[in-house]
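Coordinates in review
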Amino acid sequence: MTGLRVQGLTVAIETHRGPVTVVDGVDLDVQGGRCSALVGESGSGKTLTALSLMRLLPTSAHITAGTMSLRDRGGDTVDIMGLDDAGLRRVRGRRIAMIFQEPMTALNPLMRVVDQVGEGLEIHLNLRRRAARQRATTLLERVGVPAARATAYPHELSGGQRQRVMIAAALAADPDIVIADEPTTALDVTVQAQVLVLLRELVAERGMGLLLITHDLGVVAQVCDDVTVLYAGRVVEQGSTVDVFKSPHHPYTRGLLASMPSTAPRGKPLPAIRGVVPPLGRWPAGCRFRDRCDVAADACAVDPPVVIVGERRVRCIHAVPR
Ligand SMILES: Nc1ncnc2c1ncn2[C@@H]1O[C@H](COP(=O)(O)OP(=O)(O)O)[C@@H](O)[C@H]1O
Ligand SMILES: [Mg+2]
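So, here is what we can say about the structure in this document. (Residues numbered from 1 in each chain as written. Chains lettered and ligands numbered in written order. Predicted model: local features only at pLDDT ≥ 70, side-chain atom pairs only at ≥ 80, totals over all residues. Heavy atoms only, no water.)

1. Describing the site of ligand 1
Lining the immediate surroundings of ligand 1 are 13 residues, of which G43, G45, K46, T47 and L48 lie closest. Between G45 and ligand 1, the recorded distance is 3.0 Å, taken from a backbone N or O atom to an oxygen atom. One of the side-chain N or O atoms of S60 is found 3.4 Å from a nitrogen atom in ligand 1. Computed on the free molecule, ligand 1 has an accessible area of 560 Å², of which 66% lies beneath the protein chains in the complex. It is helix α1 (residues 46–53) that contributes the most residues to the shell around ligand 1, 3 residues altogether. Taken together, the residues of the shell around ligand 1 break down into 5 nonpolar, 6 polar and 2 charged. (Near = heavy atom within 4 Å. Polar contact = N/O pair within 3.5 Å; in protein donor to acceptor, adjacent residues only side chain to side chain. Areas by Shrake-Rupley, 256 points an atom, 1.4 Å probe, with all protein chains shown as cover. Helix = DSSP H or I, 4+ residues; strand = E, 2+ residues; numbered from the N terminus. Nonpolar A, V, L, I, M, F, W, Y, C, P; charged D, E, K, R; others polar.)

Shown next as structure tokens:
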């Protein structure tokens, strides 16, 4: 099975108080032809998880434990943790590509968009300039950037078009896995929906695996097959989107779902999860959510085990195994 399997990923960040674990034992499975969501409030460790998969962490952060293995569509298995710089250059862009949140910072302002997309084709697929440009133009059209706009510079395009250019650049080398970190938060709602539909179609068309990172559960419901809920660097619930939305088992997931505008009762203020995410590393011992949890008990002061409920994994003592 094509895909990326991550087990026990742990990332520490250097702070003036010493190293703090910000991603703690995360397991993820991103399968070819499927869309997996990684959700959680801001600061929960989503971006650091994504950057780990690309081995692109900032210098202040490092992976302290875990395994990551990629099985590509050719049937080869790559141990991402074991790659040297040359190996990483072969994997990044070619096997695993990333779509960033803010296209203006990721695109080169001085380069025509067709050339930015074409550059990936020249590097990864060894295409000549002309062939690369041609294929880049086709790819741009496929993601909804008309051929007439292909020679534009990023600043000449709308936010939605720039995000499409990023998607085209990420897809240029036909990667096995695409990681999209909040790819639509900078866009208005209608464009957001179009970009998500496009990503969904491309996953089906190309059989690539998509890891979609978002803090928006509406987005998850719209496009993702399965979902991983992160709280303070730990996975609290993981399962198929349909299951999790139908009956969330973790109190944090329930809180997130209840505070979605589309599920909350109309005419009333949105119920919010009480309290705030504690600052980096200042989590309570045991269950990290217990200070904000309505059903917290004394037993929550001890690290809760992962409970398997059907096909679901839940890190809460109240979850009943089935
Ligand atoms: N380069 C960095 N240096 C120090 N702390 C960081 C850095 N990047 C992220 N962090 C901290 O690590 C935690 C997780 O960050 P991040 O993965 O960006 O969260 P998310 O993407 O879920 O909002 C946050 O508390 C954030 O402040
Ligand atoms: Mg982030």
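2. Considerations on the nonpolar core
Within the largest apolar cluster, 94 residues are counted, with the highest numbers of intra-cluster contacts made by L4, I96, L140, I167, I179 and L212. For this core, the element with the most residues is helix α7 (residues 189–206), which contributes 7 residues. Beyond its immediate sequence surroundings of up to four residues, L140 is in contact with V113, V114, V117, V145, A150, V165 and A168. Counting residues in hydrophobic clusters, the runner-up holds 5 residues, among them V307, V314, C316 and A319. (Core = buried A, V, L, I, M, F, W, Y, C linked by side-chain atoms within 4.5 Å. Buried < 20%, exposed > 50% of the residue type's maximum accessible area, 1.4 Å probe, protein only. Contact = heavy atoms within 4.5 Å.)

3. Side note on the packing of aromatic side chains
Each aromatic ring pair is specified by the distance between its two centres and by the angle formed by the two planes. A complete count under the given rule lists 3 aromatic pairs for this structure. One aromatic cluster in this structure is built from Y231, Y252 and F289. A cation over an aromatic ring shows up here: R288 above the ring of W283, its NZ or CZ 4.1 Å from the ring centre. (Phe/Tyr/Trp six-rings, centres within 6.5 Å; stacked < 30°, edge-to-face > 60°. Lys NZ or Arg CZ within 6 Å of the ring centre and 35° of its normal.)

4. Brief notes about the sheet that holds strand β5 (residues 77–79)
Pairing within the open sheet is antiparallel, and its 4 strands lie in the order β2-β1-β4-β5. Two strands bound the open sheet, and with one partner strand each, they are β2 (18–31) and β5. Along the sheet, successive strands turn relative to each other by an average axial angle of 10°, direction set aside. Of the pairings in the sheet, the one linking strand β4 (residues 61–71) to β5 comprises 3 bridges and is antiparallel in character. Each bridged residue has a counterpart across the sheet, and for R71 the counterpart in β5 is T77. (Pairing = 2+ DSSP bridges. Axes fitted to C-alpha atoms, helices over the stretch in contact; angles between N-to-C directions.)

5. Details of the pattern of salt bridges
Applying the stated rule across the entire model yields 19 salt bridges. Between R142 and E205 there is a salt bridge, and its shortest N-O distance comes to 2.8 Å. Of this pair, R142 sits in helix α5 (residues 129–142) while E205 sits in helix α7; the two residues are 63 residues apart in sequence, bridging distant segments of the chain. Residue E205 is classed as partly exposed on the basis of its relative accessible area of 49%. Ionic pairing is found between D174 and R206, a salt bridge with its closest N-O pair at 3.1 Å. In this pair, D174 sits in the loop between α6 (159–171) and β7 (177–181) while R206 sits in helix α7, placing the two residues 32 residues apart along the sequence. (Salt bridge = Lys/Arg side-chain N within 4 Å of Asp/Glu carboxyl O.)

None of the figures reported here should be taken as evidence of function without further support.
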